[in-house]
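Residue strings, one per chain:
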Amino acid sequence: MRSRLLPAGTLAAAVATALLAGGCGSGDDWSRPHAKATAVGTPGPGFLPASSPAPEATITPRPGSWNGVRPSEGYRVVLLTAGADRRTRTLVNAVTEWAEEERVSLRTITATKPADFVPSISRAIELKPDLVVSAGDDLVDPLALVTPNHLDQQFLVVGAELAEPTANVTAADWAGASFRGEGLGMSSTYDSASFTPERAGRDVRAGVAAVLTGLTGNVIWLD
């Protein structure tokens, strides 16, 4: 998948474009209930573990085994983001490009200060999407606080993970991006240079495939 990293000054325009593309592609104004989202296609060999994983397990799928899975038409996603650093922008770009390619109905909520973090998660839940995708380390601790109280809402954390996720929180992560909250700090393997457009794109697709196939509440490890 060809990707590009946009400068901070053009990020808002990129998000607006993705929102417009998602809305126009599906004709979905989110004002009405819609059919339950399903997976289109099946994952390749090596994606699903041989036996049901334990809660909070780390699963390492075979590279590319997620490529045969995409969401059904009308899939609704809220992208929840905080932070203007290069790492977060890379993840945001990956989500918006994926949404354009898969014609996902995408809405974006950006939290600009710590006081906005928990309310922004609540706003995302109120929209009743099929999936909330979180990008940005600043949201990890607020998500750990809110998500256990909304078990009927699926979340995907990209480029980070929750230390003790509930069954509705899936993470797609790798060694260079293994932030798990302020209490644990940065992993010794953390590497900001590992946040490349190509890796972020794989992270998003593998994480969404896990949610669509019911492999939730776990960490999808891409290294």
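The structure displayed is predicted, hence computed values, not measured ones.

K.L.:
Would you mind going over the layout of surface pockets with me for this structure?
P.N.:
The probe, sized like a water molecule, is rolled over the atoms to show the empty space still left. A volume near 570 Å³ is recorded for the largest pocket. Lys36, Pro129, Asp130, Asp152 and Gln154 are, among the 24 residues lining the largest pocket, the residues nearest its centre. Along the lines of polarity and charge, the residues of the lining of the largest pocket split into 11 nonpolar, 7 polar and 6 charged.

K.L.:
So what exactly am I meant to see when it comes to unusual backbone geometry here?
P.N.:
Outside of glycine, negative phi angles account for most residues, and trans bonds account for most peptide bonds. In the Ramachandran plot, Trp30 falls in the positive-phi region, its phi being about 65° despite a non-glycine side chain. Of note, Trp30 is situated in the loop between helix 1 (8-26) and strand 1 (39-40). Of note in this structure, Glu56 is not a glycine but carries a positive phi near 65°. As for its placement among the helices and strands, Glu56 is situated in the loop between strand 1 and strand 2 (58-59).

K.L.:
How should the packing of aromatic side chains be read in this particular structure?
P.N.:
Geometry of an aromatic ring pair is reported as the spacing of the ring centres plus the angle between the planes. The full count for this structure, using the stated rule, is 2 aromatic pairs. Members of the aromatic cluster, connected to one another through ring pairs, are Trp174, Tyr190 and Phe195.

K.L.:
Would you mind showing me how to read the nonpolar core here?
P.N.:
If you look at soluble globular proteins, the nonpolar side chains tend to sit buried side by side. Within the largest apolar cluster, 60 residues are counted, with the highest numbers of intra-cluster contacts made by Tyr75, Val77, Trp98, Leu131, Val133 and Val208. At 8 residues, helix 5 (residues 197-212) tops the list of elements feeding residues into this core. Setting aside residues up to four positions removed in sequence, Trp98 forms contacts with Pro71, Tyr75, Val77, Val104, Val204, Arg205 and Val208.

K.L.:
Please explain the pattern of salt bridges as it appears in this structure.
P.N.:
Close approach of charged atoms lets side chains of opposite charge pair. Evaluated as defined, the whole model comprises 6 salt bridges. Among the salt bridges present, the one from Asp85 reaches Arg87, with a minimum N-O distance of 3.9 Å. Given a relative accessible area of 23%, Arg87 falls into the partly exposed group. Note that Glu102 is salt-bridged to Arg205, the shortest N-O span being 3.0 Å. Of the two residues, Glu102 is situated in helix 2 (residues 86-102) and Arg205 in helix 5; the sequence distance between them amounts to 103 residues. We classify Arg205 as buried; its relative accessible area is 18%. Through salt bridges that share partners, Glu101, Glu102 and Arg205 make up one connected network.

K.L.:
What exactly am I supposed to notice about the sheet that holds strand 8 (residues 169-173) here?
P.N.:
Hydrogen bonds along the backbone pair up the strands of a sheet, which may run parallel or antiparallel. Sheet architecture is open: 7 strands sit in the order 2-9-8-7-6-4-5, paired in parallel fashion. Each of the sheet's edge strands pairs with one partner strand only, and the pair in question is strand 2 and strand 5 (105-111). As paired elements, strand 4 (residues 76-82) and strand 6 (residues 131-135) share 5 bridges and run parallel to each other. Each bridged residue has a counterpart across the sheet, and for Thr81 the counterpart in strand 6 is Ala135. Against the sheet, helix 3 (residues 117-126) makes contact with strand 4, strand 5, strand 6 and strand 7 (155-158), and its axis sits at roughly 165° relative to strand 5, the strand it touches most.

The rules we used
Residues numbered from 1 in each chain as written. Predicted model: local features only at pLDDT ≥ 70, side-chain atom pairs only at ≥ 80, totals over all residues. Heavy atoms only, no water. 1 Å grid on protein atoms, 1.4 Å probe; cavity = no way out; pocket = protein on both sides within 12 Å on 5 of 7 lines; lining within 4 Å. Points joined across faces, edges and corners; volume = space filled by probe spheres on them. Nonpolar A, V, L, I, M, F, W, Y, C, P; charged D, E, K, R; others polar. Helix = DSSP H or I, 4+ residues; strand = E, 2+ residues; numbered from the N terminus. Phe/Tyr/Trp six-rings, centres within 6.5 Å; stacked < 30°, edge-to-face > 60°. Core = buried A, V, L, I, M, F, W, Y, C linked by side-chain atoms within 4.5 Å. Buried < 20%, exposed > 50% of the residue type's maximum accessible area, 1.4 Å probe, protein only. Contact = heavy atoms within 4.5 Å. Salt bridge = Lys/Arg side-chain N within 4 Å of Asp/Glu carboxyl O. Pairing = 2+ DSSP bridges. Axes fitted to C-alpha atoms, helices over the stretch in contact; angles between N-to-C directions.

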